[in-house]
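The residues making up each chain are set out below.
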Amino acid sequence: MLKGKKIVLGITGGIAAYKSAELTREFIKRGADVKVVMTTNAIRFITPLTLRTLSGNPVLTDMFSLTKESEIGHITLSDYADIIIIAPATANIIGKIACGLADDLLTTTVMAKRSPVLICPAMNTNMYANYIVKENISRLISRNYFFMEAGYGELACGAQGAGRFPPLDDIVEEVESILTNKDLAGERILITAGPTREPFDPVRYITNYSSGKMGYALAIMAKRRGADVTLISGPSSLMRPSGVKFLQVSSAEEMRGAVIDNVGNSTVIIKAAAVADFRPVVFSDDKIKKGLGPFDFHLVRNPDIISEIGRNKGDRILVGFAVETENLVENARRKMIEKNMDFIVANDATLPGAGFQTDTNIVKILDREGGLEELPIMDKIEVADRILDKIKGSRSPQSSQRAQRN
Ligand code: C5P
């Protein structure tokens, strides 16, 4: 989603400056254009050549370099930026910006800013705890500057405490979020994700291949777009998305309980979980012995959560998924009608690049009016964005107002 975004990355003089090289790579990997500005102290910690090589752009260090200033001076940089990020930010740069000083290329660029500014502090723990630094941060936050909280742990100076450079993934996610239009603000979106596990003794269960990637992508994207998100997840190895309410469940019955508890407060429900359709009839408290003969295994149907929600959904928008291996569109349309969904996202699990485990998906989005949107192969985060576009598009002006009022 950072593809084509123009980032000015300001690096100041702290030991964490070396981490901004990795941060530059992350932005470039995501298709952003990065122009790096370094303070005089930053170039004592890491060379401009490293940042030039990684960003593919000249690194700016000097405000009075005539050739560079005419090509890309501070005003040009401020105009160019979709976002200015200062990482790492020392107590000194925070103090200078808070006091309105503009005595080098970075502070001057920030002074002339037209874009959001994200500041990622990294400093000694006593400096970070200093009231003057705290006051400066509060002052800038009140002026709509964005701040990452410094991480906690062992610092390069040997101290233990708050002041570490924030994790790279968190910085990238914060940038994505700042640059995303908050068009789903006011919506409360309940999302289920992942597989469920249906145990039959203390060490065994039945499950499916779902990784949770599609549901987690929906949660991340809905949060970026300003929705209030609750994610109910079956067992998954994925990182919990930041900024969403997260509820961990294991079996289908637990998932049902969590959905029922939270559905009343939601305006949209997206059921991306691959709920196990059956569970073993009995659960043995002791591990079942292998024995010699065949093993009879009896299963019973699990509650169909989405059908239950569909029966009493009111004017909530209900979205389900259909993973099929044959007659994709017909089967998906039938399920949508039977379960009273507003949309169904259908995918053929046999296609390469679609279905469980993969980072991409190939889906068709069907609606109750007979519409069918066929999407090409794309990253699950982009698929999530398109599903949310459908939800947004289906809101009449009246219902959008309702969502905002509640
Ligand atoms: O009928 P099928 O299981 O293919 O329907 C898939 C949709 O129904 C998905 O959205 C899934 O999350 C939901 N579902 C459910 N409870 C079940 C089984 C599926 O909510 N027990």
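Numbers given for residues are sequential positions, taken from 1 along each chain in its written order. Reporting of local features is limited, given that this is a predicted model, to residues whose pLDDT is at least 70; pairs of side-chain atoms are given and counted only at 80 or more, and all residues count toward the totals for whole chains, interfaces and linings. Where side-chain values are given, they derive from all heavy atoms of the structure, hydrogens and water being excluded.

Once that is clear, we can look at the overall build of the protein chain. The way it works is that DSSP assigns letters per residue, a run of H or I at least four long becomes a helix, a run of E at least two long becomes a strand, and they are numbered from the N terminus. The number of helices and strands found in the protein chain is 16 helices and 21 strands. The cut-offs for exposure are 20% and 50% of the maximum accessible area for each residue type, with area from a 1.4 Å probe on protein chains only; residues under the lower value are buried, those over the upper are exposed, and the others partly exposed. Each of the 406 residues in the protein chain was classed as buried or not, and the buried ones make up 50%. Contact definition: two residues touch when any of their heavy atoms are within 4.5 Å. Considering only intrachain contacts with a sequence separation of at least 6, the fraction spanning at least 24 residues in the protein chain is 67%. When charges are counted, neither His nor the chain ends are considered; positive counts come from Lys and Arg and negative counts from Asp and Glu. Charged groups are reduced to one reference atom each: NZ for lysine, CZ for arginine, CG for aspartic acid, CD for glutamic acid. Taken together, the 51 basic and 48 acidic charged side chains of the protein chain have centroids lying 2 Å from each other.

Each aromatic pair joins two rings of Phe, Tyr and Trp (for Trp, the six-membered one) with centres within 6.5 Å, and gets the label stacked for planes under 30 degrees apart, edge-to-face for over 60, and tilted for any other angle. For the structure on display, the rule yields 3 aromatic pairs. Considering the side-chain rings of Tyr-216 and Phe-246, the 6.3 Å spacing of their centres and the 65° angle between planes classify their relative orientation as edge-to-face. Of the two residues, Tyr-216 is situated in helix 11 (residues 213-224) and Phe-246 in strand 12 (residues 245-248); the sequence distance between them amounts to 30 residues. Considered together, Tyr-216 and Phe-246 belong to a single accessibility category, that of buried residues. Ring centres of Phe-295 and Phe-297 lie 5.9 Å apart, and the angle between their planes is 50°; this geometry places the pair in the tilted category. With a relative accessible area of 34%, Phe-297 lands in the partly exposed category. Taken together, the aromatic side chains of Phe-200, Phe-295 and Phe-297 make up a single cluster linked through ring pairs. Counted as over-ring charges are cases with an Arg CZ or a Lys NZ within 6 Å of the ring centre that also lie within 35 degrees of the ring normal. In this arrangement the basic side chain of Lys-113 is found over the ring face of Tyr-145, its NZ or CZ atom lying 5.0 Å from the centre. A cation over an aromatic ring shows up here: Lys-134 above the ring of Tyr-131, its NZ or CZ 5.5 Å from the ring centre.

For the rest of this paragraph, the subject is the sheet that holds strand 16 (residues 317-324). Spatial strand order, 12-11-8-13-16-17-19-20: 8 strands in an open sheet with mixed pairing. The two strands at the open ends of the sheet, each matched to only one other strand, are strand 12 and strand 20 (372-374). Averaged over all pairs of adjacent strands, the angle between their axes in this sheet comes to 15°, without regard to strand direction. Pairs of strands are assigned from DSSP output, requiring at least two bridges between the strands. The angle between two axes is taken between their N-to-C directions and runs from 0 to 180 degrees, where each axis is a line fitted to C-alpha atoms and a helix contributes only its stretch in contact.

Let's shift gears to the pattern of salt bridges. The rule for a salt bridge is simple: a side-chain nitrogen of Lys or Arg has to be within 4 Å of a carboxyl oxygen of Asp or Glu. For the structure shown, the criterion picks out 24 salt bridges. As a salt-bridge pair, Glu-176 and Arg-224 come within 3.5 Å of each other at their nearest N and O atoms. In this pair, Glu-176 is assigned in helix 10 (residues 168-178) and Arg-224 in helix 11, connecting sequence segments 48 residues apart. Under the relative-accessibility criterion, Glu-176 is labelled buried at 5%. As a salt-bridge pair, Asp-359 and Lys-213 come within 3.0 Å of each other at their nearest N and O atoms. Residue Asp-359 is located in the loop between strand 17 (343-348) and strand 18 (360-361), and its partner Lys-213 is located in helix 11; the two are separated by 146 residues in the primary sequence. The structure contains a network of salt bridges with shared partners spanning Glu-173, Glu-176, Lys-223 and Arg-224.

Keep in mind these numbers describe shape, not what the thing actually does.
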